[in-house]
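A closer look at the structure
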Amino acid sequence: MRKKIIAGNWKMNKTPSETVKLIEELKPLVKNDDVDVVFCVPAISLTTAMEAAKGSNICIGAENMFYEESGAYTGEIAPNMLTDIGVKYVIIGHSERREYFAESDVTVNKKVLKALEHGITPIICCGESLTQREQGITIDWIRQQIKIAFLNVTAEQAATTVIAYEPIWAIGTGKVATTEQAQEVCAAIRECIGELYGEATAEAIRIQYGGSVTAASAPELFVQPDIDGGLVGGASLKPDFGKIVNYNK
Ligand code: PGA
């Protein structure tokens, strides 16, 4: 049985002091032994977030990371800067990073490999645009994103990663994919991982759905056979996130 994983993606929200307040507020609400709970926060708040989450079931994750060890990369965050403070997860290839910061499938692959080398679990994002969905090429597109993201990743490593399927048209729009649409693509992703690595890896890897998840839509989404939790943006900044984490209660 795969353990569910529900992650909040705070994006560019909350100052370090607001971060402490929000973690204190959410801490009692997000207890659920059936779920791994991750808060991915802006880099500047990682240290304070780690401190604030101490002793709770909340794991702290980063929203991005660079694929080099160190050097002349102004503004970037190296993997050992994350591990040094105990960060265990990092979101890689979010569609906003692809759109606004020119991340490509190739840089996503480099970051995935680097995170794994440092023992950080990548939450690898993929997803189609509305045009791609309307053209009927969603599955082909997602398969390509997955195949490139996992180039040179071993089966053993792949099994430890998390994939987040986030249709771009559903992010921050209030337009959640239907349960059938989300399940269909998550199943296709698992099938693709099965082709690349075999059945055991496909069964082990955790696949999230993301895109306008709310307390209302979470219960139906997260019980689908191939959906192992969610990556939640807007609703992760509110007490509602407690309800999302406790979707099964
Ligand atoms: P949303 O964001 O829940 O606000 O749609 C999800 C995401 O971008 O990870």
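Computed from a predicted structure; not experimentally measured.

Comments concerning the overall build of the protein
Across its full length, the protein holds twelve helices and eight strands. For 249 residues, the compact-globule estimate of 2.2 N^0.38 gives 18 Å, and the protein sits close to it at 17 Å. Its C-alpha atoms put the protein at 45 × 45 × 35 Å along the principal axes. A burial count over the protein gives 53% of its 249 residues as buried. Within the protein, residue pairs in contact and separated by at least 24 positions form 74% of the contacts whose partners lie at least 6 positions apart.

A few points about the layout of surface pockets
Put simply, the largest pocket is a space of about 620 Å³. Forming the boundary of the largest pocket are 26 residues, of which Glu63, Asn64, Arg97, Phe101 and Glu103 lie nearest the centre. Secondary structure elements with two or more residues in the lining of the largest pocket: α4 (95-100) and α5 (105-117). Here the lining of the largest pocket is built from residues that sort into 14 nonpolar, five polar and seven charged. Roughly 200 Å³ of volume is contained in the second largest pocket. Forming the walls of the second largest pocket are 16 residues, and the residues nearest its centre are Gly172, Ser212, Val213, Gly233 and Gly234.

Some points on the packing of aromatic side chains
This structure, assessed with the given rule, holds seven aromatic pairs. Between phenylalanine 39 and phenylalanine 241, the aromatic rings sit 5.7 Å apart at their centres with planes inclined by 65 degrees, giving edge-to-face as the arrangement. Placement of phenylalanine 39 in strand β2 (residues 35-40) and of phenylalanine 241 in helix α12 (residues 240-245) is noted, with a sequence separation of 202 residues between them. Clustering of aromatic rings is evident, with ring pairs tying together Trp10, Phe39 and Phe241.

Describing the sheet that holds strand β7 (residues 206-210)
Read around the closed barrel, eight strands run β1-β2-β3-β4-β5-β6-β7-β8, paired in parallel fashion. Adjacent strand axes in the sheet meet at a mean angle of 30 degrees, parallel and antiparallel pairs treated alike. As defined by bridge partners, strand β3 (residues 58-62) adjoins strand β4 (residues 89-92) across two bridges and the pair is classed as parallel. Looking across to β4, one finds that glycine 61 is bridged to tyrosine 89. On top of the sheet, α5 reaches β4 and β5 (121-126); it is set at about 160 degrees to β5, its chief contact.

Looking at the packing of helix α1 (residues 16-26) against helix α2 (residues 46-53)
In contact at an axis separation of 9 Å, α1 and α2 are set at 25 degrees when each is read in the N-to-C sense. Judged on the interaxial angle alone, α2 and α1 are roughly parallel. Crossing angle aside, the handedness with which α1 passes α2 is right-handed. Of the residues in α2, those touching α1 at Pro16, Thr19, Val20, Ile23 and Glu24 are Thr48, Ala49, Ala52 and Ala53. Taken together, the residues of the contact of α1 with α2 break down into six nonpolar, two polar and one charged.

Re the pairing of strand β1 (residues 4-9)
Counting buried positions along β1 yields six of six residues, so the element is predominantly enclosed. Side-chain alternation along β1 places Lys4, Ile6 and Gly8 on one buried face and Ile5, Ala7 and Asn9 on a second face that is also buried. Sheet topology note: the β1/β2 ladder contains six bridges and is parallel. Bridging across to β2, lysine 4 finds its partner in valine 35. Of the crossover connections in this fold, the one passing from β1 over α1 to the parallel β2 is right-handed. When β1 meets strand β8 (residues 229-232), the two strands line up parallel, connected through four bridges. Across the sheet, the residue bridging to glycine 8 is valine 232, located in β8.

Rules used in this analysis
Residues numbered from 1 in each chain as written. Predicted model: local features only at pLDDT ≥ 70, side-chain atom pairs only at ≥ 80, totals over all residues. Heavy atoms only, no water. Helix = DSSP H or I, 4+ residues; strand = E, 2+ residues; numbered from the N terminus. Rg over C-alpha atoms; globule rule 2.2 N^0.38 Å. Buried < 20%, exposed > 50% of the residue type's maximum accessible area, 1.4 Å probe, protein only. Contact = heavy atoms within 4.5 Å. 1 Å grid on protein atoms, 1.4 Å probe; cavity = no way out; pocket = protein on both sides within 12 Å on 5 of 7 lines; lining within 4 Å. Points joined across faces, edges and corners; volume = space filled by probe spheres on them. Nonpolar A, V, L, I, M, F, W, Y, C, P; charged D, E, K, R; others polar. Phe/Tyr/Trp six-rings, centres within 6.5 Å; stacked < 30°, edge-to-face > 60°. Pairing = 2+ DSSP bridges. Axes fitted to C-alpha atoms, helices over the stretch in contact; angles between N-to-C directions. Parallel < 35°, antiparallel > 145°, perpendicular 65-115°, else oblique. Left-handed = near helix turned anticlockwise from the far one by under 90°. Right-handed = clockwise from strand over helix to strand, strands pointing away.

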